[in-house]
Amino acid sequence: MFCYNCGKEIGEHTIICNNCGAKIKKSYNLLSLVGFICSFILVIPGLVCSIIGFLEIQKTNEKGKGLALAGIIISSFLISVLIVLLIIYLVNLSNTPGYPTYPNYYY
Ligand SMILES: [Zn+2]
C-alpha cells in the first residue's frame, strides 16, 4: 500500500509513515458504515452518507471502501425502483378510463 499523504510505498501494517510521519488510518470510515446501513432504511440520506464516506476514503485511505460502494449501489438501486414504481403508479392513474379523480386528500 501507499501513504495517502506523500505517496511513498509503505508496509501493510505501518501505522505511521516512515517518510512523512502521517498517521495511516486503518479504521473503518464511519460515514460509509452509516451510509451502508441507512441505504436500506433511509435511502436518500444513505446515498449521501455513502458518497461522502467514499470520497473521504479516497483521501484518508480508511477501510470501508467496499461498504461505501455497496451503500451507493443499494441506495441508488432502491431510488430508481421507487421512481419506476411512482411512474407506473402515475401512468396507471391517468390512463385508467372512467377512473374517478380524487379530490386532494394529501397536500
Ligand atoms: Zn508519507
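Anything mentioned here points back to the structure above.
Computed from a predicted model, the values in this text were never measured in an experiment. (Residues numbered from 1 in each chain as written. Predicted model: local features only at pLDDT ≥ 70, side-chain atom pairs only at ≥ 80, totals over all residues.)

Colleague: Sorry if this is basic, but what is going on with helix 2 (residues 43–60) here?
Modeller: Helical periodicity: at 3.6 residues per turn, an α-helix aligns residues three or four positions apart in one direction. The end-to-end C-alpha distance of helix 2, which contains 18 residues, comes to 25 Å, matching closely the 26 Å that a straight helix rising 1.5 Å per residue would cover. Residues Gly46, Leu47, Cys49, Ser50, Gly53, Phe54 and Ile57 constitute the buried set of helix 2. Looking straight down helix 2, one finds that the buried residues subtend no more than 165° of arc, so they occupy a single side. Away from the buried face of helix 2 by more than 90 degrees, exposed residues Gln58 and Lys59 are located. Along its buried surface, helix 2 packs onto helix 1 (30–41) and helix 3 (65–95). (Helix = DSSP H or I, 4+ residues; strand = E, 2+ residues; numbered from the N terminus. Expected span 1.5 Å × (residues − 1). Buried ≥ 20, exposed ≤ 12 C-beta atoms within 10 Å, placed from the backbone. Arc of directions from axis to C-beta. Contact = placed C-beta atoms within 7 Å.)

Colleague: What exactly am I supposed to notice about the environment of Ile37 here?
Modeller: Secondary-structure assignment places Ile37 in helix 1. Residues Ile37 and Gly71, 34 residues apart in the sequence, show an inter-C-alpha distance of 7.5 Å.

Colleague: What is the right way to look at the nonpolar core in this model?
Modeller: Burial of nonpolar side chains together is a common tendency in soluble globular proteins. Core analysis: the largest hydrophobic core is formed by seven residues, namely Phe36, Leu47, Phe54, Ile57, Leu67, Ala68 and Ile72. The set of elements that each furnish at least two residues to this core consists of helix 2 and helix 3. In this structure, Ile57 is in contact with Asn29, Ser32, Glu62, Gly64, Lys65 and Ala68, ignoring residues within four places of it in sequence. (Core = buried A, V, L, I, M, F, W, Y, C linked by C-beta atoms within 7 Å.)

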